[in-house]
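Here is how the chains run, residue by residue.
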Amino acid sequence: ISCIGKELKAGRYVRLSVKDSGSGIPKELLNRIFEPFYTTKGVGKGTGLGLYIVKQKVEDHRGGISIFSRKGHGSEFEMYFPVDSEISRIKSGVHMEDRGFDNQI
């Protein structure tokens, strides 16, 4: 899986996808959105730490994050978290979709 700043190792992952229908992120800004304190908002409207913190937390859990965005069409962030082998062994035979984990909010 190709993610921002790294390739994830082959294996099983849980994917968390967050999508909006906003204005999208211009292509020329995509390489900066995870920088600490980077913001396109006016003074007093944001710290520029939100996406930086999300990326750090995802990576703290040995995961990765990717983004798909088109100006005028919104953005989609996909976060990938490795599935722990012990959890996989315990939960074998249980399909996540059957437990309501494949729902869109």
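Residues numbered from 1 in each chain as written. Predicted model: local features only at pLDDT ≥ 70, side-chain atom pairs only at ≥ 80, totals over all residues. Heavy atoms only, no water.

A. A look at the overall build of the protein. Scanning the protein from N- to C-terminus turns up two helices and five strands. Going residue by residue from the N terminus, the α and β elements of the protein occur as β-β-β-α-β-β-α. Residues classed as buried in the protein amount to 24% of the 105 residues present. Put simply, 60% of the contacts in the protein that link residues at least 6 apart link residues at least 24 apart. Counting every atom, the protein has about 8100 Å² of accessible surface; 53% of that belongs to carbon and sulfur. (Helix = DSSP H or I, 4+ residues; strand = E, 2+ residues; numbered from the N terminus. Buried < 20%, exposed > 50% of the residue type's maximum accessible area, 1.4 Å probe, protein only. Contact = heavy atoms within 4.5 Å. Areas by Shrake-Rupley, 256 points an atom, 1.4 Å probe, with all protein chains shown as cover.)

B. Quick look at the pattern of salt bridges. Under the counting rule described, the total for this entry stands at four salt bridges. Between Arg 15 and Glu 78 there is a salt bridge, with the nearest N and O atoms lying 3.5 Å from each other. With Arg 15 in strand β3 (residues 13–19) and Glu 78 in strand β5 (residues 74–82), this pair connects stretches of sequence that are 63 residues apart. The exposure class assigned to Arg 15 is exposed, which follows from its relative accessible area of 52%. (Salt bridge = Lys/Arg side-chain N within 4 Å of Asp/Glu carboxyl O.)

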